[in-house]
2 protein chains.
Amino acid sequence: MAVLFACLGAGRAHAEDGHDLWLRYHALTTAPAGIDTRQAVQLVAGPGSPTAKAASGELIRGLGGLLGKAPELSGAVSRDGALIVGTPASSPVVAGLHLDTRELGREGYLIKSVVVNGHTATAIVGNDDIGVLYGSFRFLRLLQTGHPATGLDLRDRPQVKLRVLDHWDNLDGSVERGYAGASIWDWWKLPDYLDPRYTDYARANASIGINGTVLNNVNADPLVLTPAYLKKVAALAGVFRPWGIRVYLSARFSAPIEIGGLKTADPLDPAVRKWWRDKADEIYRVIPDFGGFLVKANSEGQPGPQDYHRTHADGANMLADALAPHGGIVMWRAFVYSEHDLDDRTKQAYNEFKPLDGQFRDNVLLQVKNGPLDFQPREPFSPLFGAMPKTPLMMEFQITKEYLGFATHLVYLGPMWEEVLRADTYAKGKGSTVAKVVDGQLDGHALTGIAGVANIGTDRDWSGSVFDQANWYAFGRLAWDPTQSARAIADDWARMTFAPDDAVAKPIVGMMMASREAAVDYMTPLGLAHLMGAGHHYGPAPWDDSLPRADWNPVYYHRADKNGIGFDRTRKGSDAVDQYAPPVAAEFNNLKSTPDAYLLWFHHLPWDYRMRSGHTLWDALVMHYTHGVDEVKQMRATWATLDGRVDAQRYAQTAAFLAIQQHEAQWWRDASIAYWQSLNHLPLPAGYAPPAHTLEYYKSLSFHYPPGH
Amino acid sequence: MAVLFACLGAGRAHAEDGHDLWLRYHALTTAPAGIDTRQAVQLVAGPGSPTAKAASGELIRGLGGLLGKAPELSGAVSRDGALIVGTPASSPVVAGLHLDTRELGREGYLIKSVVVNGHTATAIVGNDDIGVLYGSFRFLRLLQTGHPATGLDLRDRPQVKLRVLDHWDNLDGSVERGYAGASIWDWWKLPDYLDPRYTDYARANASIGINGTVLNNVNADPLVLTPAYLKKVAALAGVFRPWGIRVYLSARFSAPIEIGGLKTADPLDPAVRKWWRDKADEIYRVIPDFGGFLVKANSEGQPGPQDYHRTHADGANMLADALAPHGGIVMWRAFVYSEHDLDDRTKQAYNEFKPLDGQFRDNVLLQVKNGPLDFQPREPFSPLFGAMPKTPLMMEFQITKEYLGFATHLVYLGPMWEEVLRADTYAKGKGSTVAKVVDGQLDGHALTGIAGVANIGTDRDWSGSVFDQANWYAFGRLAWDPTQSARAIADDWARMTFAPDDAVAKPIVGMMMASREAAVDYMTPLGLAHLMGAGHHYGPAPWDDSLPRADWNPVYYHRADKNGIGFDRTRKGSDAVDQYAPPVAAEFNNLKSTPDAYLLWFHHLPWDYRMRSGHTLWDALVMHYTHGVDEVKQMRATWATLDGRVDAQRYAQTAAFLAIQQHEAQWWRDASIAYWQSLNHLPLPAGYAPPAHTLEYYKSLSFHYPPGH
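Just so it is clear, the model here is predicted, and its values are computed rather than measured.

**Describing unusual backbone geometry**
The omega torsion across Leu190(A) and Pro191(A) is 0°, close enough to zero to call that bond cis. Although it is not a glycine, Leu526(A) adopts a positive phi angle of roughly 55°. Here Leu526(A) lies in the loop between α15 (502-523) and α16 (554-558). Its identity as a non-glycine residue notwithstanding, His681(B) has a phi of 55°, on the positive side. Along the chain, the position of His681(B) falls in the loop between α20 (648-680) and α21 (695-700). The exposed category is assigned to His681(B), whose relative accessible area is 64%.

In structure tokens, the structure reads:
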């Protein structure tokens with residue numbers, strides 16, 4: 001009893017602050033069917049590598065928490081309820097099982113119920129230790145989500161090779177578009193002090209299969225490539241290595257000038273090429289498994305090969321040549337648009353890169369944002385997917401919610417990413433999904449990747465809110481297997497993060513699954529995009545025409561006037577549609593076949609255009625805005641029913657954030673409607689409330705120190 | 001058993017990350033003499049005010065942790081081992097004890113062993129609920145430090161009225177001279193979201209008697225005085241109020257221009273005076289117990305009354321008049337020095353303010369840094385203490401270690417503050433200590449205060465390291481009673497923070513007590529000062545002469561050349577000595593009576609000056625530098641003996657930081673010696689190692705993104 005109280009005391013002090021993410025391992029109050037403490041009582045695992053130790057350690061920690069008793073270590077199966085963990089090569093016990101592991105490849109695993117020496121046991125087996133670690137996390141997930149642990153015969157392996165977080169973290173500790181506090185990298189104290197948080201970070205990533213991390217912002221500081229910083233990077237790489245995570249760096253293209261003392265960064269200049277080769281050699285001397293470089297070049301003011309009248313391929317290949325001897329790769333970003341190109345901005349990345357297909361080295365991936373614009377609440381898939389069969393295209397998702405309400409809006413991004421991954425490019429006929437482009441199936445690439453712009457910071461809950469953790473989680477799960485369902489992932493997350501209990505998980509999953517469409521509706525319904533405040537990207541500003549470049553301004557994107565609204569990207573307009581394969585181009589070019597979700601993305605329409613629903617476009621717009629707000633109200637109501645079913649601290653945080661979200665959803669709706677009305681002078685449909693304030697009021701709002709900016 | 005394991009699992013996840021500070025309440029492994037669980041089994045406390053609830057809640061939490069069982073609530077004493085908690089006015093049970101509480105005043109408390117209805121009990125009683133809260137924390141401290149809890153008869157009350165933390169936190173989330181992460185105030189999410197951290201902060205402060213907090217940097221952003229920010233401030237004040245903590249704000253003197261739209265901030269201008277009155281009224285409408293303003297004026301570029309040819313008194317009094325109707329006060333900083341005044345910088349605050357004694361309103365305190373320069377490792381006390389009998393002088397200590405190694409040096413500041421507080425001003429004869437000036441005894445002031453520049457940030461351990469927490473703790477304890485001993489405070493802290501066990505606490509206290517003199521020795525021995533790197537204040541740069549103002553440069557302070565070193569502040573020099581009372585002036589003016597610790601602060605001496613020890617000044621300097629480094633080595637050795645006696649996480653952090661400290665102590669020693677040798681060309685005394693590198697090497701070092709700058 002004394003222990004219990006001491007324990008409650010400590011528990012209260014730390015409460016449920018979200019730091020444990022989906023790895024809480026709280027005691028299962030009701031044992032899942034088919035498992036009790038007698039079924040994980042013995043752990044048969046050799047000492048092995050640091051990765052093998054990590055796997056055993058995680059099982060001890062996880063089972064100790066979930067089942068109330070950690071398994072005892074044993075050299076052999078000597079009782080019922082053993083866990084046999086390892087690779088055939090390193091464990092005679094595993095080898096003795098004679099399991100077929102050929103299909104597991106690298107990083108894969110199997111989990112199988114077996115009988116050894118007459119005792120029931122569960123084997124967690126991979127061809128390499130990292131596969132065993134992934135299998136161990138998977139076994140724990142089964143228990144965490146309330147699945148039975150008997151009769152198991154499960155095999156899995158990643159469908160994508162590089163599953164990478166991109167940190168937009170600056171060396172000064174700030175995080176561009178970060179809404180979860182400061183950078184978790186304490187560069188000042190590295191390499192001397194290794195914050196335990198680094199290990200927690202690696203564990204969390206390993207649990208969802210993430211195997212790479214780009215430590216620094218794509219708007220890169222060249223200092224990170226200097227010897228002093230490489231020592232710090234090496235220290236982090238050392239922490240991450242046992243967890244199967246490689247370190248990458250964003251490389252500033254002009255680094256040979258800034259830290260190398262050269263006069264040029266021309267990728268065809270021999271001195272420049274030598275500088276990068278020497279730099280790569282230097283990096284690999286301190287980080288033998290260094291992953292490679294991520295590069296943002298000739299984009300938004302960053303230097304690049306075009307400064308020397310060279311192509312993106314020239315630039316990427318130079319870096320690729322420097323890294324190739326060491327097995328490193330280059331992730332070259334396709335997010336480019338020129339201030340001199342007056343063509344539709346959404347067309348520019350395609351125009352720039354499609355002609356370069358086939359010109360990149362084998363160790364270059366082109367990293368393409370999911371849509372052709374910039375992480376908007378909804379965009380059609382980028383037309384580059386399917387258009388460059390000779391080049392591995394790496395997907396770039398944004399986990400941090402730059403355009404989706406920062407930390408305080410509950411917006412689960414699983415459905416958005418699923419929508420993109422399942423979109424059909426028709427590049428090689430029906431069924432040529434974006435997922436098949438990305439995972440290499442469609443064009444036969446072995447080098448494949450998915451990157452997510454991290455939403456991680458020093459906030460105790462890592463991501464700025466408990467629900468934002470779900471986006472980190474879903475990213476990892478989808479990077480592992482892009483065909484997974486966003487709903488199934490949400491369900492796993494909710495059970496692991498809150499409780500493996502339908503009464504808790506089901507309402508939470510319901511909120512999550514509705515949340516992204518709600519955000520689209522209250523921010524940018526019916527294919528609208530890029531209507532947020534300038535610079536900080538906070539709140540609505542569809543009226544904004546103040547920025548020096550046309551394609552930075554909301555009015556560029558909505559093109560609304562008294563007659564109509566929308567961007568004509570059909571053949572009569574910018575003809576962006578013809579960047580897609582013919583069946584897709586035909587669908588989007590035709591007003592009648594264009595889905596409502598992309599209507600104003602591809603078409604400029606009169607306000608009184610009659611929708612399939614029978615409503616005018618204007619009435620439909622107002623209804624969508626209002627529906628978005630109503631959905632948030634519904635989310636709040638659902639959450640209120642969970643008071644007492646989830647712990648007080650996470651309940652209160654979410655309740656407070658949902659209140660903020662409702663207020664801001666209303667603001668988005670009202671400010672947008674007020675602005676459109678100032679153009680079209682149309683009345684609201686019957687029963688729809690007018691904006692709470694005047695347009696002048698909304699225009700007058702200004703914001704101090706918005707985060708992430 | 002299941003509970004135990006689940007509990008260990010959770011415990012490991014959170015480990016000992018320092019977040020609980022000195023309020024860990026871990027189970028006492030051996031019960032202190034005179035207490036067992038039967039002596040705190042019943043809590044007799046009314047529901048009462050939020051503050052009364054906080055007191056009861058803390059006892060339940062604390063005793064639940066320490067004794068393994070929380071006391072049961074009861075309306076009356078019905079068994080042995082009751083705690084009777086409350087005020088005579090609010091609790092009939094307390095009133096029935098007929099205790100004499102007259103001497104307790106406000107905020108005071110008594111703790112007394114009593115017998116009620118034939119049952120043994122402990123009474124924790126104050127005249128107000130905050131006194132009861134302080135008493136509850138004191139009772140818990142007795143247990144935490146291993147003291148018996150029988151036969152108690154203890155009374156205490158604060159000796160200083162305002163015990164205030166000054167946060168140099170900016171509204172953008174950065175912290176000037178902060179080495180513990182970002183600001184803990186999440187201004188963006190306030191007032192809608194109240195981070196539980198705010199409550200933790202208030203609890204920690206209440207536990208050591210701190211009763212005020214200045215939320216924003218003295219280099220103040222006027223935005224904090226706008227309605228939007230005042231709502232945020234009010235939300236924080238609401239969290240802090242039950243814990244007895246009032247909120248104050250740093251006010252920018254030119255706010256009437258910047259946010260008021262006025263053309264002037266002249267303190268005698270009627271419109272300006274009205275603006276501040278209206279602003280005060282507005283503040284008190286939303287924060288009825290607002291504490292007042294802290295002002296840095298006409299100092300380091302900040303605006304102030306001298307911009308309008310008015311005095312500091314004119315400026316302070318205008319603000320005081322605006323606040324007076326509401327009971328607010330002004331803390332006006334004396335940290336001023338002019339770029340036009342060529343006199344010894346350490347003399348300028350005295351020159352400026354002494355003539356104003358008697359000119360300030362009753363609700364103005366003059367806030368004076370401990371020394372006449374700027375928070376150096378050692379300075380003599382500021383001559384303003386004792387020199388302005390008609391003005392309450394508030395002490396300003398710096399808890400954050402701007403000049404003392406940032407977060408990673410173990411430097412316990414208790415001895416430094418004790419040294420200052422016990423220094424004798426002789427203002428009214430022998431025994432006129434600085435403490436008696438500050439606590440109002442000497443000159444009969446009722447309004448008294450001590451401020452500490454906070455070392456608090458978003459780092460999980462609050463202060464950047466576990467040992468830096470001791471400085472926050474010691475500040476609170478000394479602010480409550482400036483006559484307390486630094487060693488006794490360290491002993492309490494070590495027992496509460498690590499274990500109430502001599503084998504752990506004694507070596508830790510030993511390290512702490514030696515640490516400040518070690519830092520003085522390896523940085524600025526024998527009265528040297530201000531020899532750190534420019535701007536960021538990191539590391540040694542005694543050679544630096546690069547800053548535009550003479551008195552920003554190290555060479556201004558040490559005045560070393562081939563013949564000698566030191567700043568002549570005697571009557572033959574700047575005559576700073578005569579700012580002190582005659583007996584002190586005589587002591588410092590006379591080379592023979594000047595303590596070694598202040599030797600080069602007051603005297604310029606030849607390198608071959610013969611010290612009392614018999615060594616030449618040069619040899620003594622080298623010995624002091626070396627001794628400082630040796631002391632750090634000794635601290636590391638002592639800490640190594642505690643491996644296994646303190647938890648792994650805090651052990652490892654401290655071990656890593658001590659390694660950094662040793663490296664940097666060596667760097668300070670070597671760089672300093674290399675520079676002095678470049679001037680005096682003297683050999684090192686026998687047996688003393690030469691610097692590891694050349695002076696050019698030390699001069700060549702540069703630092704990127706130092707924290708706090």
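**Observations regarding the UniProt feature "active site" (unreviewed entry) in chain A**
Residues and elements named next belong to chain A. As annotated in UniProt, the feature "active site" (unreviewed entry) corresponds to Glu300, Asp374 and Glu402 in the numbering used here. As for its position among the elements, Glu300 is in the loop between β10 (292-295) and α9 (312-323). Beyond its immediate chain neighbours, meaning those up to four positions away, Glu300 contacts Phe335 and Tyr337. On the secondary structure map, Glu402 appears in the loop between β13 (393-398) and α11 (414-422). Glu402 sits in the buried class, given a relative accessible area of 5%. Ignoring anything within four residues of it in the chain, the contact list for Glu402 reads Trp168, Arg177, Tyr179 and His537. At a separation of 3.1 Å, a polar atom in the side chain of Glu402 contacts the side chain of Arg177.

**A closer look at the pairing of strand β9 (residues 246-250) of chain A**
Residues and elements named next belong to chain A. Across the five residues that make up β9, a large majority, four, are buried. Pairing of strand β8 (residues 212-214) with β9, which is carried by three bridges, proceeds in the parallel orientation. What sits directly across from Val214, in β9, is Tyr248. Crossover connection from β8 via helix α6 (residues 227-240) to parallel β9: handedness right-handed. Pairing of β9 with β10 involves three bridges; the strand directions are parallel. Bridge pairing links Ser250 to Leu294 in β10.

**Points about the UniProt feature "domain: Glycosyl hydrolase family 67 C-terminal" (unreviewed entry) in chain A**
Within the UniProt annotation, "domain: Glycosyl hydrolase family 67 C-terminal" (unreviewed entry) is assigned to residues 464-687 of chain A. Between the first and last C-alpha atoms of residues 464-687 of chain A the distance is 37 Å; the span itself is 55% helix and 2% strand.

**Side note on the domain arrangement of chain A**
Domain annotation for chain A reports domain 1 (42-156), domain 2 (162-497) and domain 3 (521-567 + 604-700). Computed from C-alpha atoms alone, the centre-to-centre distance between domain 1 of chain A and domain 3 of chain A is 50 Å.

**Section: the sheet that holds strand β2 (residues 72-74) of chain A**
Residue and element names in this part refer to chain A. Across the sheet, six strands lie side by side as β2-β1-β3-β5-β4-β6; this open sheet has mixed pairing. Looking along the sheet, the strands with just one partner apiece sit at the ends: β2 and β6 (153-156). Each strand of the sheet is rotated relative to its neighbour by a mean of 25°, with strand direction disregarded.

Criteria and thresholds
- Residues numbered from 1 in each chain as written.
- Chains lettered and ligands numbered in written order.
- Predicted model: local features only at pLDDT ≥ 70, side-chain atom pairs only at ≥ 80, totals over all residues.
- Heavy atoms only, no water.
- Helix = DSSP H or I, 4+ residues; strand = E, 2+ residues; numbered from the N terminus.
- Buried < 20%, exposed > 50% of the residue type's maximum accessible area, 1.4 Å probe, protein only.
- UniProt positions renumbered as here; feature names shortened; annotations may be inferred.
- Contact = heavy atoms within 4.5 Å.
- Polar contact = N/O pair within 3.5 Å; in protein donor to acceptor, adjacent residues only side chain to side chain.
- Pairing = 2+ DSSP bridges.
- Right-handed = clockwise from strand over helix to strand, strands pointing away.
- Domains from an automatic or database assignment.
- Axes fitted to C-alpha atoms, helices over the stretch in contact; angles between N-to-C directions.

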